[in-house]
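Okay, here's what each chain looks like letter by letter:
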Amino acid sequence: MFLSADASEAEVIKSKTTHSHLHHKGGEVGSGKLALDSKYLHSVIQAVKESKEILILGPGSAKLELIKRAHHHDGQIAEKIVGVETVDHPSDKEILAYARKFFYKVDQML
């Protein structure tokens, strides 16, 4: 989601892989979790490359994988990340309200 003082715009980026439900069985090697799609993470990074500041939010650990990907493959994007917040499955309106409040605080600190 992109936002400015006056407007906001949302873009949906979908993964090309199908997500199967995996179960971890006792005695097997591995976590039983599906690895994140690196092409998807790259698509997300490319979508925000023109942003001045980036706030990453959402549930789970995918946020951290996105940050790691940015640090390893695009340091300029990583430098633009100003915050990472855990938010449990927010709606678009909740994301917008959270981001406006977050960036207002960031602007006040500068």
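Right, let's walk through the structure included here. Not measured: the values here are computed from a predicted model. (Residues numbered from 1 in each chain as written. Predicted model: local features only at pLDDT ≥ 70, side-chain atom pairs only at ≥ 80, totals over all residues. Heavy atoms only, no water.)

**Side note on the overall build of the protein**
Then comes step 1: A tally of helices and strands in the protein yields four helices and four strands.
Then comes step 2: The burial tally for the protein puts 23% of its 110 residues in the buried class.
Then comes step 3: By sequence separation, contacts in the protein at least 24 residues apart represent 63% of the contacts at least 6 residues apart.
Then comes step 4: Just so you have it, the protein exposes about 8,600 Å², and 53% of that area is on carbon and sulfur atoms. (Helix = DSSP H or I, 4+ residues; strand = E, 2+ residues; numbered from the N terminus. Buried < 20%, exposed > 50% of the residue type's maximum accessible area, 1.4 Å probe, protein only. Contact = heavy atoms within 4.5 Å. Areas by Shrake-Rupley, 256 points an atom, 1.4 Å probe, with all protein chains shown as cover.)

**Brief notes about the environment of Gln 46**
Then comes step 1: Note that Gln 46 resides in helix 1 (residues 38-47).
Then comes step 2: In this structure, the C-alpha to C-alpha distance between Gln 46 and Ile 77, residues 31 residues apart in sequence, is 9.0 Å.
Then comes step 3: Within the local environment of Gln 46, its side chain forms a polar contact with the side chain of Lys 49, the two groups lying 3.4 Å apart. (Polar contact = N/O pair within 3.5 Å; in protein donor to acceptor, adjacent residues only side chain to side chain.)

**Brief notes about the packing of helix 1 against helix 2 (residues 62-73)**
Then comes step 1: At a minimum axis separation of 10 Å, helix 1 and helix 2 run at an interaxial angle of 75 degrees. If you check the angle between helix 1 and helix 2, you find them roughly perpendicular. Contacts between helix 1 and helix 2 involve Ser 38, Leu 41, His 42, Val 44 and Ile 45 from the former and Glu 65, Leu 66, Arg 69 and Ala 70 from the latter.
Then comes step 2: Of the residues in the contact of helix 1 with helix 2, the class split is five nonpolar, two polar and two charged. (Axes fitted to C-alpha atoms, helices over the stretch in contact; angles between N-to-C directions. Parallel < 35°, antiparallel > 145°, perpendicular 65-115°, else oblique. Nonpolar A, V, L, I, M, F, W, Y, C, P; charged D, E, K, R; others polar.)

**Focus: unusual backbone geometry**
Then comes step 1: Although it is not a glycine, His 89 adopts a positive phi angle of roughly 45 degrees.
Then comes step 2: With respect to the secondary-structure elements, His 89 resides in the loop between strand 4 (81-86) and helix 4 (92-109).

**Considering the pairing of strand 3 (residues 54-58)**
Then comes step 1: The buried fraction of strand 3 is high, at five of five residues.
Then comes step 2: Neither face of strand 3 is open: one carries Ile 54, Ile 56 and Gly 58, the other Leu 55 and Leu 57, and all of them are buried.

By themselves these figures say nothing about function.
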